[in-house]
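Residue-level structure breakdown
Listed here are the chains, written in short residue letters.
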Amino acid sequence: MTLLDVKNVNKRFGGLQAVSDVSFTVDRGMIKAVIGPNGAGKTTLFNLISGNTPLNSGTISFNNKKIHGFKPYQVAQCGISRTFQNIKLFHDMTALENVMVGRHTKSRAGFMAGMFHLPFTWGEEKEIRHKCLELLELLEIRELADVEATSLSFGQQRAVEFARALASEPDLLLLDEPAAGLNIYETAEIARLISKIRSQGITVLLVEHDMSLVMDISDEIVVLSFGRKIAEDTPREIQQNKEVIQIYLGDDDVEN
Amino acid sequence: MKTQRFIPFFLLALVLAGLQFLTQITDTSYYLTQMTMTAYYSLVIIGLCLVMGYAGQISLGHAGFFAIGGYTSAVLTTYNLIHLLEKGNSFVLFLAGKGLLVNGENLYGESLLYVTPWLACILALVLTALIAFLIGIPVLKLKGHYLAMATMGFGIIIYRVVLAWEIMGEADGISDVPGFTLMPGITVNGDFSNRIQNYYIACTILLVAFILLQNLIHSRVGRALRAIHGSEEAADAMGVNTARYKLYTFVLSAVFAALAGIFLTHYNGGIGPSEAGIMKSVRYVAIVAIGGMASMWGTLIMASVLNFLSLRGLFGSYDDAVFGVILIIIMLFAPDGILRLHIWQRFKKFKTGK
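Residues numbered from 1 in each chain as written. Chains lettered and ligands numbered in written order. Predicted model: local features only at pLDDT ≥ 70, side-chain atom pairs only at ≥ 80, totals over all residues. Heavy atoms only, no water.

A word on the overall build of chain B
Quick note on the threshold: Put simply, DSSP H or I for four residues or longer makes a helix, DSSP E for two residues or longer makes a strand, and each gets a number counted from the N terminus. In this scheme, a residue with accessible area under 20% of its type's maximum is buried, one over 50% is exposed, and one in between is partly exposed, where area comes from a 1.4 Å probe on protein chains only. Contacts are assigned to residue pairs that have any heavy atoms within 4.5 Å of one another. Each accessible area is a Shrake-Rupley result for a 1.4 Å probe, and residues are judged covered by the shown protein chains and nothing else. The charged-residue count follows a simple rule in which Lys and Arg add positive charge and Asp and Glu add negative charge, with His and chain termini not counted at all. Charge positions are represented by NZ for Lys, CZ for Arg, CG for Asp and CD for Glu.
Scanning chain B for helices and strands turns up 15 helices and 6 strands. Dimensions of chain B along its principal axes, counting C-alpha atoms only, are 75 × 55 × 45 Å. Across the 354 residues that make up chain B, the buried fraction comes to 53%. A separation of at least 24 residues holds for 76% of the contacts in chain B among residues at least 6 apart in sequence. If you sum the accessible surface of chain B, you get close to 16,700 Å²; carbon and sulfur atoms cover 68% of it. For chain B, the centre of its 22 positive side-chain charges and the centre of its 16 negative side-chain charges are spaced 21 Å apart.

Take a look at the structure:
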């Protein structure tokens with residue numbers, strides 16, 4: 001069943017066609033990866049889906065509902081959660097508090113309820129805390145709950161960001177280069193966590209440079225080059241795809 | 001847990017009452033005037049603390065909101081409506097019919113007719129909220145220095161308006177503002193006989209506002225505001241409507257400023273253009289900064305101490321310069337505020353032996 005449907009999406013920045021007529025779908029329950037050389041338009045594509053950048057033409061639907069033109073918070077409210085390439089945790093807040101912000105769309109206390117500490121917020125706060133501690137447990141960082149998030153190691157920060165994104169119980173998780181800045185051990189760890197997240201029934205769409213990670217965990221791969229989709233297939237097929245090899249390794253290697 | 005939350009507030013109330021008791025036994029009850037004014041100024045500053053320390057936005061226009069509140073209330077409670085009534089203005093007749101106007105007589109026996117302070121207060125708050133809302137929508141799209149400049153521009157506009165508009169008394173401001181009778185026997189005014197009562201009125205308002213803000217920052221909304229401060233983009237991605245949260249916070253703190261303006265105007269019996277001046281806004285910002293930005297308690301303590309010293313004239317004619325210099329020094333050497341040099345964490349560590 002199609003969860004995310006990206007159709008003929010275009011994005012120009014002045015004279016640069018960053019994303020050009022890209023279409024693909026993500027089925028429920030799969031891990032799909034978007035790869036491509038630097039400047040291929042991967043992050044732009046991501047920002048189009050998450051609402052950070054408005055698109056020029058094309059449609060994006062999620063759960064059969066049009067989501068292009070939505071603001072990022074509206075996209076989040078639809079059930080799409082994301083992480084960032086350069087980790088964006090909230091400073092001066094503990095790991096747990098960071099994750100609790102992720103629970104925003106699943107709770108409802110507003111300004112008045114907050115100021116007057118209305119009774120319905122008591123149970124809500126308890127529920128938020130409980131759920132978020134569970135997520136920290138799932139991502140194996142329970143013991144770091146009360147540590148200031150930005151003082152954690154890079155890998156741990158990434159895990160906190162995952163937990164924060166999961167706190168809204170999203171249908172789709174967008175991971176923007178989850179292995180960026182991590183060593184091979186941490187990358188393997190992240191790969192394990194992503195598989196674990198998928199086993200919770202969450203669909204994952206990731207943008208990634210690290211080939212080992214992508215080939216290991218993804219069910220399908222979309223390859224972008226200069227803003228165009230040049231291939232979309234299983235990891236095994238992508239590894240054999242001549243065009244893909246060409247853009248990654250250059251012409252000579254094909255001839256050899 | 002629930003009762004523990006209230007212990008600090010209870011202690012704060014005790015301290016405030018203790019200070020009053022202290023002035024009584026040391027026969028220095030003339031301090032109460034400045035202490036009352038300090039409480040009202042602190043109300044503006046804790047509201048600004050929410051905007052600056054928690055939502056991470058800046059406003060150099062809060063003296064403007066203070067002035068809008070104070071001036072609106074002052075104009076409404078001193079503008080003589082008797083001629084309009086005599087002309088048969090239907091709106092004035094309607095207000096009179098609802099008992100929302102008060103009669104009076106001046107020294108020469110001419111009859112006077114004013115809006116009651118209660119109605120004036122509500123109208124002033126609504127007007128301030130409305131203006132803050134309308135200004136906030138475009139202005140809060142800006143960030144950092146640009147936001148500071150835009151809010152400062154707003155503050156300057158308000159200052160020029162009250163300085164130039166005849167109904168606002170121009171450079172003289174408005175005097176002879178009547179007392180504000182909150183309920184029979186409780187009146188906000190500057191009478192000597194009412195000094196102790198007024199001190200407690202001011203402290204009660206400050207304490208209630210402080211508790212409301214403390215509740216807010218420890219709620220879901222407070223978390224979202226701190227998240228906006230931390231990373232607006234990430235907060236947005238978590239489903240926080242950042243624009244709306246910033247706007248509501250701005251309006252809320254403007255209303256706090258207006259409330260302080262209204263009560264202080266009734267307490268002083270008048271208001272002048274200096275209350276709208278840019279240096280007042282700078283002072284509020286400086287005090288939030290020195291209080292530790294994201295620290296309500298630090299801000300409250302600093303607001304109380306510095307405002308009191310300033311009102312007692314300790315800084316003399318260097319008053320404005322002192323706050324300007326404080327702001328510069330804080331920004332240069334302790335951008336997190338001097339009360340956040342982690343003394344508490346060290347103390348906690350010491351206690352738990354880690």
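Thoughts on the overall build of chain A
Basically, it comes down to this: Within these notes, the globule rule equals 2.2 Å times the number of residues to the 0.38 power, and the radius of gyration is based on C-alpha atoms.
Scanning chain A for helices and strands turns up 11 helices and 10 strands. Radius of gyration (C-alpha) of chain A: 19 Å, near the 18 Å computed for a compact globule of 256 residues. Buried positions account for 53% of the 256 residues belonging to chain A. For chain A, the proportion of contacts with a sequence separation of at least 24, taken over those separated by at least 6, is 66%. Summing over all exposed atoms, chain A offers an accessible surface of approximately 11,400 Å²; the carbon and sulfur share of this is 48%. Across chain A, 27 positive and 34 negative side-chain charges occur, with their mean positions spaced 8 Å apart.

Some words on the packing of aromatic side chains
Any aromatic ring pair is given by two values, namely how distant the centres are and how the planes are angled relative to each other. Residues and elements named next belong to chain B. Rule in force here: Note on aromatic pairs: the rings of Phe, Tyr and Trp (six-membered ring only in Trp) are paired at centre separations within 6.5 Å, and the planes decide the class, stacked below 30 degrees, edge-to-face beyond 60, tilted for the rest.
Per the counting criterion, the structure on display carries 17 aromatic pairs over all chains. Considering the side-chain rings of Tyr-31 and Phe-308, the 5.6 Å spacing of their centres and the 75° angle between planes classify their relative orientation as edge-to-face. Separated by 277 residues along the polypeptide, Tyr-31 in helix H2 (residues 31-54) and Phe-308 in helix H13 (residues 296-311) bring together distant segments of the chain. Judged by relative accessible area, Tyr-31 falls into the partly exposed class, the value being 28%. Residues Phe-65 and Phe-154 carry aromatic rings whose centres are separated by 4.9 Å and whose planes lie at 35° to one another, so their mutual orientation is tilted. Of the two residues, Phe-65 is situated in helix H3 (residues 62-78) and Phe-154 in helix H7 (residues 144-164); the sequence distance between them amounts to 89 residues.

Thoughts on the environment of A:Ile80
As for its position among the elements, A:Ile80 is in strand S6 (residues 80-82). Setting aside its immediate chain neighbours within four residues, A:Ile80 contacts A:Phe62, A:Ile67, A:Val75, A:Leu172 and A:Leu174.

A short note on a nonpolar patch on the surface
Residue and element names in this part refer to chain B. The cut-off we apply is this: To count toward a patch, a residue needs a relative accessible area above 30% and no salt bridge. Like charges then connect within 9 Å, nonpolar side chains (Val, Leu, Ile, Met, Phe, Trp, Tyr) within 5 Å. In what follows, salt bridge is the name for a side-chain nitrogen of Lys or Arg lying within 4 Å of a carboxyl oxygen of Asp or Glu.
On the surface, a nonpolar cluster with roughly 490 Å² of combined accessible area is contributed by Val-15, Leu-19, Phe-21, Leu-22 and Ile-25. Structurally, the position occupied by Leu-22 is in helix H1 (residues 2-25). The exposure class assigned to Leu-22 is partly exposed, which follows from its relative accessible area of 46%.

Description of the interface of chain A and chain B
As a reminder of what qualifies: In short, buried area is how much 1.4 Å probe accessible area vanishes from two parts on joining, totalled over both. Two N or O atoms form a polar contact when they lie within 3.5 Å of each other; inside protein one atom must be a possible hydrogen donor and the other a possible acceptor, and for residues adjacent in sequence the pair counts only when both atoms belong to side chains. Each residue is assigned to one class: nonpolar for Ala, Val, Leu, Ile, Met, Phe, Trp, Tyr, Cys and Pro, charged for Asp, Glu, Lys and Arg, and polar for all the others, Gly among them.
Each partner contributes residues to the interface: chain A has 32 residues there, and chain B has 30 residues. When chain A packs against chain B, the two sides together hide about 3,000 Å² of surface, and 63% of this comes from carbon and sulfur. When the buried area of chain A at its contact with chain B is split by residue, A:His104, A:Phe111 and A:Met115 rank highest and sum to 27% of it. The interface formed by chain A and chain B contains 3 salt bridges. Two residues, A:Lys88 and B:Glu233, come together in a salt bridge whose shortest N-O distance is 3.0 Å. Taken together, the links from chain A to chain B amount to 13 residue pairs in polar contact (both at pLDDT 80 or more). The set of elements that each furnish at least two residues to the side of chain A that touches chain B consists of helix H2 (72-78), helix H3 (95-102), helix H4 (111-115) and helix H5 (119-138) of chain A. Across the side of chain A that touches chain B, the residue classes tally to 14 nonpolar, 10 polar and 8 charged.

A short note on unusual backbone geometry
All names here are of chain A. Look at Glu-177: it is not a glycine, yet its phi comes out positive at around 45°. Mapped onto the fold, Glu-177 is located in the loop between strand S7 (172-176) and helix H7 (184-199). Relative accessible area serves as the criterion here: at 6%, Glu-177 is assigned to the buried category.

Let's talk about the domain arrangement of chain A
Residues and elements named next belong to chain A. Convention followed: In this entry, domain limits derive from an automatic or database-based domain assignment.
Segmenting chain A into domains produces domain 1 (1-79 + 171-256) and domain 2 (89-169). The centre of domain 1, based on its C-alpha atoms, is set 27 Å off from the matching centre of domain 2. Taken together, the contacts link 22 residues of domain 1 with 12 residues of domain 2. For the pair domain 1 and domain 2, the summed buried surface comes to about 1,300 Å²; carbon and sulfur atoms form 69% of the total.

A few points about the environment of A:Ala191
Inspection of the secondary structure assignment puts A:Ala191 in helix H7. Separated by 92 residues in sequence, A:Ala191 and A:Val99 have C-alpha atoms that sit 20 Å apart.

Some points on H2(B)
Residues and elements named next belong to chain B. What counts here: The span expected for a helix works out to 1.5 Å for each residue beyond the first. For a residue, the bend is simply the angle between two axes, fitted respectively to the seven-residue segment ending there and the seven-residue segment starting there.
Under the 1.5 Å per step criterion, the end-to-end length of H2 is 33 Å for 24 residues, consistent within 8% with the ideal 34 Å. At Leu-48, H2 shows its maximal kink, close to 25°. Burial within H2 is extensive, with 22 of its 24 residues counted as buried. With its phi angle positive at about 75°, Gly-56 sits one or two positions after the end of H2.

Side note on the pattern of salt bridges
The final tally for this structure, using the stated rule, is 21 salt bridges over all chains. Salt-bridge contacts for B:Arg226 lead to A:Glu97; the nearest nitrogen and oxygen are separated by 3.2 Å. Within this pair, whereas B:Arg226 is found in helix H9 (residues 220-230), its partner A:Glu97 is found in helix H3, the two belonging to separate chains. By relative accessible area, which is 19% here, B:Arg226 ends up buried. Its salt-bridge partner being A:Arg164, residue A:Glu161 comes within 3.6 Å of it at the nearest N-O pair. Within this pair, A:Glu161 and its partner A:Arg164 are both found in helix H6 (residues 154-166), separated by 3 residues, close to a single helical turn. The exposure classification of A:Glu161 matches that of A:Arg164, with both residues buried.

Focus: the sheet that holds S6(A)
Residues and elements named next belong to chain A. Note the threshold: Two strands pair under a simple rule: DSSP has to find at least two bridges between them. Where helices are involved, their axes are fitted lines through C-alpha atoms of the stretch in contact, as for all axes, and angles between N-to-C directions lie from 0 to 180°.
Across the sheet, which stays open at both edges, the 6 strands sit in the order S6-S7-S8-S3-S9-S10 with mixed pairing between neighbours. In this open sheet, the two edge strands, each paired with only one partner strand, are S6 and strand S10 (228-233). This sheet shows a mean twist of 20° between the axes of neighbouring strands, independent of strand direction. Of the strand pairs in this sheet, S7 and strand S8 (residues 203-207) are connected by 5 bridges, and their pairing is parallel. Bridging from a neighbouring strand, Leu-172 pairs with Thr-203 of S8. H6 rests against S6 and S7 of the sheet, and its axis sits at about 155° to S7.

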